[in-house]
Protein chains: 2
Amino acid sequence: MEGEATRVMVAVNESTIKGYPHASISSKGAFEWTLNKIVRSNTSGFKLLFLHVQVPDEDGFEDMDSIFASPDDFKGMKNRDKIRGLHLLEYFVNRCHEIGVPCEAWIKKGDPKEVICHEVKRVQPDLLVVGCRGLGPFQRVFVGTVSEFCVKHAECPVVTIKRSAAETPQDPIDD
Amino acid sequence: MEGEATRVMVAVNESTIKGYPHASISSKGAFEWTLNKIVRSNTSGFKLLFLHVQVPDEDGFEDMDSIFASPDDFKGMKNRDKIRGLHLLEYFVNRCHEIGVPCEAWIKKGDPKEVICHEVKRVQPDLLVVGCRGLGPFQRVFVGTVSEFCVKHAECPVVTIKRSAAETPQDPIDD
């Protein structure tokens, strides 16, 4: 007899190379690690909580070709973002469903590191799993890493899963 | 069907208050967290690897009352240290045996943070669990924390388990 399931929050984002609906290499790595090394065959002992934080598109580059003629056009844009995020989450939820691991998934907007820590405080998972690109100190200065911030500030145990060398793209800043 | 067991290394040390053979509050916390939240009922899916690093007694305070008259006296001292470390490990191995989780335990001498990272490199566990006292930034400057070093330098995923407020002794530097 087991008590309540272990709730593992997995922070996921989209690929910088392929965009939505593709998950980043490091998100997939964090997810697969959680399944293979932690959940294993004990699917009923765990519940996975997928959080995807969308960064507001500040420079609006992606909307360069859009034409805005009415308030509804902006609404459409917001909906499109939402739909992209949902497609990303669908990948993880489908995988869990196939394997039989209970899960939940949701989207928030904002600065990923801040939002992740805020959601940890709200949801209180037993463990937070965050993928990371495994950048060197020089690259980190320019990129800033979400995982380092979470390790320091999240109010629950955090584990960071680095990409393997084999999975790292030519430009390690890509993911 | 499951593949090879997930190998979880747990770094353990003795209590600063009670000394040997008592485990520190944070070691026990890290161990219990691993059992309750990760291993759960899947005892055959995991193997726990307990590493205890003994810090060489540089100032020799503990041997103030000893009399050294022959080389054998020094040998006796070294044996005594070894036996203390073994008693500490016995606690963890016994608990695993009761629950039915496969385990291994061993002792190394040296600087805990360096030795833990070295042993991770050698043994290549899937996860390293380290307890920590959860000190504030001011206290950390003076104490130095093994867990922070391992998070940065260990070549495997690392999770740090903080003591709960309820378990924290009056002086938070104690453990």
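Within an unreviewed UniProt entry, the label attached to chain A reads UspA domain-containing protein, and the organism entered is Solanum pinnatisectum.

J.: It is not clear to me how the relation of the copies chain B and chain A should be interpreted in this structure. Could you clarify?
T.: Taken as rigid bodies, chain B and chain A are interconverted by a rotation of 180° and an axial shift of 0.0 Å, the fit giving an RMSD of 0.0 Å. Taken together, the rotation and translation relating the two chain copies correspond to the operation of a two-fold axis. Among all C-alpha atoms of chain B, that of B:Val159 lies closest to the rotation axis, at 2.5 Å. Comparing interface residues between copies, 100% of those in chain B also sit at the interface in chain A, which points to an isologous, same-surface contact.

J.: How should helix H2 (residues 71-99) of chain A be read in this particular structure?
T.: Residue pairs three or four apart in sequence face the same way in an α-helix, which turns once every 3.6 residues. Residues and elements named next belong to chain A. Look at H2: 43 Å from first C-alpha to last across 29 residues, which is about the 42 Å you get at 1.5 Å a residue. Turning to H2, its buried residues number three or more, namely Asp81, Gly85, Leu88, Leu89, Phe92 and Cys96. Against strand E1 (6-12), strand E2 (14-15), strand E3 (19-23), helix H1 (25-39), strand E4 (46-54) and strand E5 (103-109) lie the buried residues of H2. Just downstream of H2 lies Gly100, where phi reads positive at about 90°.

J.: I keep staring at the interface of chain B and chain A and nothing clicks. Help me out?
T.: In this complex, chain B contributes 23 residues to the contact, which on the side of chain A involves 23 residues. Each partner contributes to the roughly 1,700 Å² buried at the junction of chain B and chain A, and carbon and sulfur atoms together form 48% of this total. Across the salt bridge formed by B:Lys37 and A:Asp126, the nearest N and O atoms sit 3.1 Å from each other. Joining chain B to chain A, the criterion identifies 12 residue pairs in polar contact (both at pLDDT 80 or more). No other element matches helix H1 (residues 25-39) of chain B, which puts 5 residues into the side of chain B that touches chain A. Here the residues of the side of chain B that touches chain A sort into 11 nonpolar, 7 polar and 5 charged.

Cut-offs applied
Residues numbered from 1 in each chain as written. Chains lettered and ligands numbered in written order. Predicted model: local features only at pLDDT ≥ 70, side-chain atom pairs only at ≥ 80, totals over all residues. Heavy atoms only, no water. Least-squares fit on C-alpha atoms with pLDDT ≥ 70 in both. Contact = heavy atoms within 4.5 Å. Helix = DSSP H or I, 4+ residues; strand = E, 2+ residues; numbered from the N terminus. Expected span 1.5 Å × (residues − 1). Buried < 20%, exposed > 50% of the residue type's maximum accessible area, 1.4 Å probe, protein only. Buried area = accessible area lost by both parts, 1.4 Å probe. Salt bridge = Lys/Arg side-chain N within 4 Å of Asp/Glu carboxyl O. Polar contact = N/O pair within 3.5 Å; in protein donor to acceptor, adjacent residues only side chain to side chain. Nonpolar A, V, L, I, M, F, W, Y, C, P; charged D, E, K, R; others polar.

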